[in-house]
Amino acid sequence: MMGYALRRLAGAIPTMFVIITLAFFMMRAAPGGPFDSERRLPPEIEQNLKAAYDLDKPLVRQYAIYLGKAARGDFGPSFKNKDFTVAQLIATGLPVSARLGLWAMALALLIGTTLGILAALRQNRWQDYSVMSVAMLGITIPTFVTAPLLTLAFGIYGITLFGQEFSLPVGGWNNGAWRNMVLPVTVLALPQIAIISRLMRGAMVEVLRANYIRTARAKGLPATQIVLSHALRAAALPLVSYMGPALAAVLTGSLVVEQIFGLPGIGRYFVQGALNRDYTLVMGVVICYACLIIALNFLADMIYGILDPRVRLK
Amino acid sequence: MSVPDIDIAMPEPRGRSLWVDARRRLLRNRAAMAGIIILAAIVLLALLAPLLSPFAYDEVNYDLISCAPGWWPAEAACSAPGHIFGTDAIGRDIFVRVLYGARVSLAVGLVATVVSLVIGVLYGATAGYLGGHIDGLMMRVVDVLYSLPFIFFVIILMVVFDRNFILLFVAIGAVEWLTMARIVRGQTLSIKLKEFIEAAKAAGVGPLGIITRHVIPNVVGPVMVYVTLTVPTVILTESFLSFLGLGIQEPLTSWGVLISDGADQMETAPWMLLFPALFMAVTLFCFNFVGDGLRDAMDPKDR
């Protein structure tokens, strides 16, 4: 297990390196520098500014400096939000995004697996068909359509439930009050619920046909125990390997969701940074995202290794 | 002595090829056929857009700002009977803009898919056919690229090169080729062991000839399925970027731009959001149904 972990970890380093390199040279290839404003700066001041940001040095040297600093978690000051360093901005935004993403993943896993198991147990009956058609909807309709539509239904018109007008705030973070979280988390979770329930159904249908399940049935175990402890362990395997891509999808989804609901997460900083050409901020956020994805992929691999001993031996 | 031509004398025994079988199964799949028909209708509407509406896509009318269509059931501040989908915040006709948006979205979908198809098929077939260390190295590159959060790089590209229209096609296509390469490589690995490849080698055909003439035609099936599933992904990616303000720029439009504009105004003018969202959702649905139908048709054991 240790060797497997080390091999995986060694694979992550070149990926990280490629990401930083690509991001760095792409940003530097941009026509127009960060100090091109309407008002021309006096040459001396521009010179000093460039020196302060190391922009006067040759490109390769800048790259080396950036690599060294990034390895220590120092992404430099933000070009546009002058009073903040990129690390500070990420530190304020990340908890918001993380909370949003984790709740969405938890919700998606809970509902997705439940629906998937239900569909598999009632294969080719109406329960199966209805779960699968709802899942199709969830996969095809993108976040930036569901977000405004749900806002329209629950935030603006308000839906009457049990004789009570029921409406949710349409935006703002409000220090993470649950009422503000409901809509963004739901929107983020919907496509994942759809994908997870499809994966779960497929895996479960296959596993339920396996011989060891028949054995368990034959020896008279209760159906719930067979499904939840015998079948679920094997059926969860494709789900575990989907966790990496799922995380990436939630991160990209959060770009849209944070924008629509006006939440102060890193996704919003990233989009604003991209629109304002805030090079350092954009690179810092990309590297931060990449680290997250790689770390979670690693974690998923480890869990996979624990659940399925065969992959460790390869 | 001449050989009698038996083909004329005997009724030709008609074998059913895999393709005929696949087509028959596809024709019987009602969801997929409905998808194809609706898609064809949307494409036709998009192509004929200038003929179908008396308004131009960038025709501004300050007398009709955010007006509801004439048939709108709810109460609206102003109504524009001539505009069947209503008008937007500067009085442009939404119907014609949705159709022009369809043009851009479908064009991006097709072009980017073709880019990914060409790169992916050539790369995958080469890696699979050559095998050994070269294959290992080429697929290692794909693995590394696979774990990159690519959408962020597309965003950086769009920032760096100022939302260049052509680049958008290429950038999205360059992201999508990875899966294609994997599929094609897998297929190639199994095809290259077949007898007809051996026969081609014996006849003196070079590696390039074998890849282009014998390997690639035989991976068409799975690739076609993946293509129909790539087009909607690409349309989604483009709309996603446009929604964030990083894609298509005014006065040109795409579904993402329209949905983004509509989301800003949905409290007062929900038609601005509903129609583009509806068109896009239906298109994505249809592509998915066609893709699923094709997969079932090509590989019946998968059902």
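What you are looking at is a predicted structure, and each value in this text was computed from that prediction instead of being measured.

Enquirer: What am I meant to see in the overall build of chain A here?
Expert: Scanning chain A from N- to C-terminus turns up 13 helices and two strands. Out of the 314 residues in chain A, the part that is buried amounts to 45%. Relative to all contacts within chain A whose residues are 6 or more apart in sequence, the contacts with residues 24 or more apart total 71%. About 15900 Å² of surface is accessible on chain A, with carbon and sulfur atoms providing 65% of the total.

Enquirer: Can you help me understand helix H4 (residues 86-121) of chain A in this one?
Expert: With 36 residues, H4 of chain A extends 50 Å from end C-alpha to end C-alpha; this agrees with the ideal 52 Å at 1.5 Å per step. The principal kink in H4 of chain A, of about 30 degrees, is found at Gly93 of chain A, preceding the proline Pro95 of chain A by one to four residues.

Enquirer: How should I be thinking about the nonpolar core in this particular structure?
Expert: Looking at soluble globular proteins, one finds that nonpolar side chains tend to be buried together. One finds Leu255 of chain A together with Leu241 of chain B to be the most contacted residues of the largest nonpolar core, which totals 107 residues. When residues in this core are grouped by element, the largest group, 13 residues, is from helix H5 (residues 94-130) of chain B. Apart from residues lying up to four places away in sequence, Leu241 of chain B is in contact with Ile151, Val154, Ile155, Met158, Leu168, Ile172, Leu246 and Gly247 of chain B.

Enquirer: Sorry, what's going on with the packing of aromatic side chains here?
Expert: Aromatic ring pairs: the centre-centre distance and the angle between the two ring planes describe each pair. For the coordinates displayed, the defined rule picks out eight aromatic pairs over all chains. On the basis of an interplanar angle of 55 degrees and a centroid distance of 5.3 Å, the ring pair of Phe24 of chain A and Tyr63 of chain A is categorised as tilted. With a gap of 39 residues between them, Phe24 of chain A in helix H1 (residues 2-28) and Tyr63 of chain A in helix H3 (residues 59-71) connect regions that are remote in the sequence. Taken as a pair, Phe24 of chain A and Tyr63 of chain A share a single burial class, namely buried. Ring geometry for Phe270 of chain A and Tyr289 of chain A: centres 6.3 Å apart, planes at 75 degrees, overall edge-to-face. With Phe270 of chain A in helix H11 (residues 266-276) and Tyr289 of chain A in helix H12 (residues 279-307), the pair connects residues that are 19 residues apart, well separated along the chain. As far as the burial class goes, Phe270 of chain A and Tyr289 of chain A line up, both buried. Here a set of aromatic residues connected by ring pairs shows up, and it is made of Phe24, Phe25, Tyr63 and Tyr66 of chain A. In this structure, Arg103 of chain B is placed above the aromatic ring of Tyr100 of chain B, and the distance from its NZ or CZ to the ring centre is 4.8 Å.

Definitions and limits used
- Residues numbered from 1 in each chain as written.
- Chains lettered and ligands numbered in written order.
- Predicted model: local features only at pLDDT ≥ 70, side-chain atom pairs only at ≥ 80, totals over all residues.
- Heavy atoms only, no water.
- Helix = DSSP H or I, 4+ residues; strand = E, 2+ residues; numbered from the N terminus.
- Buried < 20%, exposed > 50% of the residue type's maximum accessible area, 1.4 Å probe, protein only.
- Contact = heavy atoms within 4.5 Å.
- Areas by Shrake-Rupley, 256 points an atom, 1.4 Å probe, with all protein chains shown as cover.
- Expected span 1.5 Å × (residues − 1).
- Bend = angle between axes of the 7 residues up to and from the residue.
- Core = buried A, V, L, I, M, F, W, Y, C linked by side-chain atoms within 4.5 Å.
- Phe/Tyr/Trp six-rings, centres within 6.5 Å; stacked < 30°, edge-to-face > 60°.
- Lys NZ or Arg CZ within 6 Å of the ring centre and 35° of its normal.

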